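Notes for the structure review
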Amino acid sequence: MEDILPEEAERRFNLEMIAREHLETHGYKEIRTPVLEDAAVFTRSIGEASDIVSKEMYTFNDKKGRLFAMRPEGTAPIVRAYIEHGIDKAAYEPKLYYMGPMFRSERPQKGRSRQFYQIGVEVFGTGSVYADAEVLSQLSGMLKLFGIRGFTLKLNTLGCKNDKEKYSENLKNYLEREKNRLCPNCRERMNKNALRVLDCKVDPCRALLRNAPDIKESLCQECGGHFNKLKNILKEMNIKFKEERNLVRGLDYYTGTVFEITHEALGAQDALGAGGRYDNLVKDMGGRETGAIGYAIGVERVMLAINKEAAVDKKKTVFLATLGDKAKIEGMKLARQLRENCPRLVVVTDIREASLKAQMRSADKSGALITVILGEDEIAKKEALLRNMATKEQIALSMEEIVKEIKNKLFRGQ
Ligand code: AMP
């Protein structure tokens, strides 16, 4: 679990703001659920055989002996809340988004930690293919807004519950015949949840899986039609995707459309995000039959993928170096004027009564683009020195001209 220090926290904040605005303009509303849940919320939905439940969940008994889990993902708790609060009857559209920390006890490596942040959405109450298309278009739009370019949308379908069961049986039969060539892990997985074998990254298993039965052969007419229609809509909308026949999700609740976003620069942990339909989950958790689809993206991986200079624009800073009481008071007035006129500008003033030399060092450290210098001489002349921190050039300006000049220099055209 990692500390997020100020520089990174600022980048995260900016990213979250972009995401919020994007999602709200698509009609999504925020939901926040607790970090702790009854562990059964996850075991019943994600599945006992999944890695998350069988190996990765942080659980503990409270003083009354109840088993709690630190949430490993966002969907199951939101489905729990959806049922508990009758959100299906709420006045707003049940298009929800969330952001926050998730916890999984995995072996840490680049792009994988035990506490990580996700931004995700869940759309309830529709089985329509247009919901799938909207979610995917909205997701790829958000990644582009973040400034990410080199991502790939991988797409597949698992079919409905019946199709999935039929396919699982076909796959199991095939794997049974090839059992001796499977890795020990897959030999075990095969009986618990055959679909999980498709996730295996070991070479001999991968080679074997290339000839495994294709899920498309097990799809009913409706599910096949849904998938073809989705692909056509995406093509019409110019949303690029790659059909991947062996893409399944490690969580039991998925049915129908499933997808994953990968990024070429991420290395072994290359998934930026993933999601899909889960049309049976609300009912399975005690609600009414409800079509639903969602996704989650991993914030740490998104940050890794973002080109350092792109997207998350650094806030502009002005430092006010002041000497003597009169200058300090003028400086504070100037700071207020600057903040009123330039909403996103960071204005740093000297609050230590430090020497000019020390203040200039602080100005450097703050990353200021401009330093305004106000000493006794300048006050007497009712002017100030404006120092361009990159070129070291200084110009003297009257107090009235300063705000205008800074606005012009730092925010021209905005
Ligand atoms: P999942 O809920 O497993 O489908 O994960 C969705 C996304 O969350 C992944 O594509 C990753 O970007 C991110 N993610 C999952 N597990 C971790 C982890 N342990 N550390 C960092 N990011 C993660």
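Definitions and cut-offs
Residues numbered from 1 in each chain as written. Predicted model: local features only at pLDDT ≥ 70, side-chain atom pairs only at ≥ 80, totals over all residues. Heavy atoms only, no water. Pairing = 2+ DSSP bridges. Helix = DSSP H or I, 4+ residues; strand = E, 2+ residues; numbered from the N terminus. Axes fitted to C-alpha atoms, helices over the stretch in contact; angles between N-to-C directions. Contact = heavy atoms within 4.5 Å. Phe/Tyr/Trp six-rings, centres within 6.5 Å; stacked < 30°, edge-to-face > 60°. Buried < 20%, exposed > 50% of the residue type's maximum accessible area, 1.4 Å probe, protein only. Lys NZ or Arg CZ within 6 Å of the ring centre and 35° of its normal.

Examining the sheet that holds strand β15 (residues 383-388)
Strand pairing in a sheet takes place through backbone hydrogen bonds and is either antiparallel or parallel in direction. A sheet is described by the order of its strands in space; here five strands give the open sequence β13-β12-β14-β15-β16, paired in mixed fashion. Only two strands of the sheet have a single partner each, and these edge strands are β13 (346-349) and β16 (394-398). In this sheet, adjacent strand axes meet at a mean angle of 25° when their direction is disregarded. Note: strand β12 (residues 317-322) against β13, four bridges, orientation parallel. Among the inter-strand pairings, T317 is bridged to a residue of β13, identified as V346. Along the sheet, helix α12 (residues 325-341) contacts β12, β13 and β14 (370-374); its crossing angle with β12, the most-contacted strand, is approximately 165°. The strands touched by helix α15 (residues 399-411) within the sheet are β12, β14, β15 and β16, with β16 carrying the most contacts at an inclination of about 130°.

Description of unusual backbone geometry
The phi dihedral of E353 falls on the positive side, at around 55°, and the residue is not glycine. Relative to the assigned elements, E353 resides in the loop between β13 and α13 (356-366). A positive phi angle, close to 55°, is found at K382, a residue other than glycine. With respect to the helices and strands, K382 occurs in the loop between α14 (376-380) and β15.

Concerning the packing of aromatic side chains
A full pass over the atoms with the stated rule returns five aromatic pairs. Note on Y253 and Y254: the rings are 4.9 Å apart at their centroids and 55° apart in plane angle, and the pair reads as tilted. Residue Y253 shares its accessibility class with Y254, and that shared class is buried. Seen from their ring centres, Y253 and Y278 are 5.8 Å apart, and the 65° between their planes marks the pair as edge-to-face. With Y253 in the loop between β8 (242-243) and β9 (257-263) and Y278 in the loop between β10 (271-277) and α10 (281-284), this pair connects stretches of sequence that are 25 residues apart. Judged by relative accessible area, which is 1%, Y278 ranks as buried. Clustering of aromatic rings is evident, with ring pairs tying together Y82, F124, Y253, Y254 and Y278. The ring centre of F411 lies 5.2 Å from the NZ or CZ of K316, which sits over that ring.

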